[in-house]
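# A closer look at the structure
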Amino acid sequence: MAHRIEVALLEQMDDAVGRKIGRRINEDLGLSIDDVRTIQVYTVDKQLSAEQLEACASGPLCDPIIQTYAVDNPLARDFDWLIEVGYLPGVTDNIGRTAREALEVRLGLRFEPGESVYSSIQYLVKGKLEPGQAEAIARDVLGNGLIQRFTVISAEQFDVAGGVPLVVPKVTSMHHPEVRRIDLDVPEAELLRISSEGVLALSLEEMQTLASYYHRPDVRKRRSDAGLPPDRPTDVELECLAQTWSEHCKHKIFNALIDYDDGSGEGEVINSLFNTYIKGATRDVRETLGERDYCLSVFKDNAGVIRWEPDTNLVMKVETHNSPSALDPYGGALTGIVGVNRDPFGTGMGSKLCFNVDTFCFASPFWDKPLPPRLLHPKRILEGVREGVEHGGNKSGIPTVDGGLVFDDRFAGKPLVFCGTGGIMPVEINGKPAHEKQVLAGDLIVMCGGRIGKDGIHGATFSSEALHAGSPATAVQIGDPITQKRMTDFLLVARDMGLYNSITDDGAGGLSSSVGEMARDCGGFTLELDKAPLKYAGLDPWEILISESQERMTLAVPHDKLESLLALSEKMNVESTVLGEFNDSGMACCRFQERTVLLLEMDFLHEGLPQMRLKAVWQPPQRDESEPDEPQDYGSILHKLLARLNVCSREYVIRQYDHEVQGGSVIKPLVGALNDGPSDAAVVRPLLDRWSGVVVSNGICPKFSDIDAYAMAANAVDEAVRNAVAVGGDPNYLAGLDNFCWCDPVQSQSTPDGHHKLAQLVRANKALYAMCLAYGIPLISGKDSMKNDFQIGEHKISIPPTLLFSIIGRVDDVRNCVTMDAKAAGDLVYVLGTTRHELGGSEYCAMFGTIGAQAPSVNVEHNLDIYEALAAAIQSGLVQSCHDASDGGLGVSLAESSFAGDLGIEIDLERVPAQGALRSDVLLFSESSGRFVVTVSPDLAADFEQAMEGASLAKVGTVTDDRTLTIKRKQLSLINENIDELRATWKSTLDF
């Protein structure tokens, strides 16, 4: 018999969650409600006595200081509508799982299979609402129908029924697992139908390649001997191949053979963008570094590894989780952050996770136009993604130290959710290099962590295509950071005890990906799918193989280490299961209930994918190149710029993340006199017994893609370098991570401009190569996410081509780092770098509804002279503050430095280094690269200027104590604004 335990705040306690929900209902839906209060509900599906239930309710489930509870008796009262939201059967329920474990500890018993605890939340809404309005609140504010269930009842219905009907959302599948055989000897149209309806995301050529494989005599004989249909793949094989060959996993576009026409009449053939420009950049940079090369592991593991300290390596990876976040922002983003945690953790022999970063791209949260079918409102996506990353990161005990927000209404079709994690590992573990690992034939396949369910099925293939009406709900997963933290703690101990030979995560593709990739070391494997622990019975073998249910790692364990590993696993309350064995057979083999259900050559599985052949044609896009007339009221323009979505304060998001856990943060996300200024980059100390630090920064500027994707990519790299240098990072010890997110660049009926979009991708890669080579930055890891489009019927929304460039680097002594806020009245203000007439793509132009003509170019030699001299000056203690100039130009940078320091600044714009005679608005709002606003103590000015000799700079003004930003040109006053009012404007936009 199931029971309900309800827990509510005492009446005199403020219900902050309810208050927040009430505001969202009023603001987002335009409904007038008076109050919302919440009740946490636990449905306990286990036979327990009244005494046991009372012990549970009054003990682990309730805080008697602020809460009250009831068992099998409703607490709800004084409301007009009650909305209860819980998870659908089979969906990960973290609160319910934690409650079950708490009850087991409290009662000293175990929940048997089929018994569990399920969580839900009641929202008690006061206000006059129609039934349809109450249902809209449930659907559009409180939950997501893809993964959650709703009960909506009025006060009258509640009184008649005596409460909310008892719902036990357990999976009660009567499905008997089966293996289907698929006939591929069918017409082309049928092959495409099989791919489309099966969410395989395979092209006609790829489907034909699969069909041809099963025609080979040696393949047929081998299959016949194993008891398989000789000429027909099983659904297990087809799903495994589709996952392995997916765009998400094989990066088919980046590895395509591209015929590129640059518009000049001279074409070239590019055999793999990845090999040519990304691996090529790293290869060429490492050659120039010579003995200074600090790269250890690049492009061959889950994350990149560089040398950091003599005894410690630095590890980092940045991933995207765009498609799942479009369907379920909370679950998709939570999975994004805990998923990328597993990448550096599963690199080499494993690393200790030290920091998270995140960058999000959304449409305007103030969107007021009709939305196409199936799209969620951008504000709901923003809040769901923010909360998902918050819950994933904060509950994992990993600080979130850096990130960004970008707004463009083209991200309504698919948001971009970039999540990254950095970690450290010893240089050696048990006498071997920690960044290396090796599966040996005979090692056992051991899966540890969470169990397998339907969540995450087709995640890899789903994210390899555009979002459409048939996008599967099963592609969404919900991460469980508590289970993952327990698993990583266990595995770090196992690592140091030498209990495994290799490790990787069960990310995209689940066991299919992890076991399949690990087996490349030795040449084969046999996997017993029916031994895998499941969340519930009834999964087909193919579902077990490719499910991306979270919090799982796969290990290669020697036979003589198994007993010790399993004993440690049990001691630390982590589930670990032997699923098979690695071998050198050359075959991938999966069995289910003693029958072979998959038998594929390893070479065909990993190397059989036919190379795509694509065409790219570059033509500069036609656009409005007009620019604004010179304004009369510069103060008003500055306020409007500070309020723009791509300039305004991100404090609303930042404050909800923990950047102090582990105690290593040095430069925080918010800095300054009032701790509310926008930091350029983060600096953390992963090891608290030394003063060396890690600098973490990023650059992202998709707005320049409207002019040229080359400029977009070049500026993204330069911005990341500039931000790292601004806080004291060493420009000669940086490593880069490239994350490309692109709209579909393959020419087709639905993408008639595919040749142009692919040319944009080519140009962005050329820029990345050139910038990395010039700045001496090796690329150590990255990711590409193609098909970031939404299409239902005639509705198509494509994102702007986007590159996120992330940087990790070294700071020798964090005590010499600087922040962006002005420090003392009387300090001198310098502008470093040359301003050019480059308003194209600027926030200034966008404010007037234009794009402009000239995007910022990147003069690497000019910028590098500044960066190297500035970095040395900062480390020598010559700089009081440093802030880069980017979105909004020098005008915004000066305003931010001023109000972040709670001090005034007075400058003469005429002194700003410039190329040619520029109007005042161009000097203030151009977004030319390579520029900083720096403040220096007067007694160090001569030393600073000597240190910067040969670099472009000018002393333009002073820091004042009159709380006013004053900008003049010669004797003409352009801006005279109170810094408190500027700060208030900057903070007002995202003050949700």
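Look up: the structure comes first, before these words.
In this report, the structure presented in the accompanying data block is examined. Quick caveat: nothing in here was measured; it's all calculated off a predicted structure. (Residues numbered from 1 in each chain as written. Predicted model: local features only at pLDDT ≥ 70, side-chain atom pairs only at ≥ 80, totals over all residues. Heavy atoms only, no water.)

### Topic: the side chain of Thr234
Examined against the element boundaries, Thr234 turns out to sit in the loop between α8 (217–225) and α9 (235–244). With residues near it in sequence (within four places) discarded, Thr234 still touches Val179, Arg180, Arg181, Ile182, Arg223, Leu228 and Val597. (Helix = DSSP H or I, 4+ residues; strand = E, 2+ residues; numbered from the N terminus. Contact = heavy atoms within 4.5 Å.)

### Some points on the pairing of strand β10 (residues 304–309)
Among the 6 residues of β10, 5 are classified as buried, and the element is accordingly described as predominantly covered. As paired elements, strand β9 (residues 295–297) and β10 share 2 bridges and run antiparallel to each other. Counterpart to Cys295 in the pairing with β10 is Ile306. Where β10 and strand β11 (residues 312–320) come together, 5 bridges link them in antiparallel fashion. Note on β11: the bridge partner recorded for Val305 is Val315. (Buried < 20%, exposed > 50% of the residue type's maximum accessible area, 1.4 Å probe, protein only. Pairing = 2+ DSSP bridges.)

### What about the pattern of salt bridges?
The full count for this structure, using the stated rule, is 75 salt bridges. Between Arg180 and Asp235 there is a salt bridge, and its shortest N-O distance comes to 3.7 Å. With Arg180 in the loop between α5 (155–161) and α6 (188–197) and Asp235 in helix α9, the pair connects residues that are 55 residues apart, well separated along the chain. Across the pair Asp506 and Arg552 runs a salt bridge, and its minimum N-O distance is 3.2 Å. You can see Asp506 sitting in the loop between β18 (502–505) and α17 (510–518) and its partner Arg552 sitting in strand β20 (residues 552–557), a full 46 residues away along the chain. (Salt bridge = Lys/Arg side-chain N within 4 Å of Asp/Glu carboxyl O.)

### A look at the nonpolar core
A general trend in soluble globular proteins is that nonpolar side chains are found buried together. By size, the foremost hydrophobic cluster in this structure holds 86 residues, and its most contacted members are Ile258, Tyr775, Phe805, Leu870, Phe932, Val934 and Phe944. When residues of this core are assigned to their parent elements, the largest contribution, 12 residues, is made by helix α23 (residues 709–726). The next biggest cluster of nonpolar side chains, apart from the first, holds 52 residues, and it includes Ile194, Val439, Leu511 and Val515. (Core = buried A, V, L, I, M, F, W, Y, C linked by side-chain atoms within 4.5 Å.)

### Focus on the sheet that holds strand β14 (residues 416–426)
Across a sheet, paired strands are connected by hydrogen bonds in the backbone, their directions being either parallel or antiparallel. As summarised here, the arrangement of the 6 strands in space is β9-β10-β11-β14-β12-β13, forming an open sheet in which the pairing is mixed. Each edge of the open sheet is held by one strand with a lone partner, namely β9 and β13 (400–407). Averaged over all pairs of adjacent strands, the angle between their axes in this sheet comes to 25 degrees, without regard to strand direction. Inspection of the sheet shows strand β12 (residues 352–362) paired to β14 by 9 bridges, in the antiparallel sense. The residue bridging Phe355 from the neighbouring strand is Gly422, located in β14. Taken strand by strand, helix α13 (residues 329–345) contacts β11, β12 and β14, and its axis lies near 30 degrees from that of β14. (Axes fitted to C-alpha atoms, helices over the stretch in contact; angles between N-to-C directions.)

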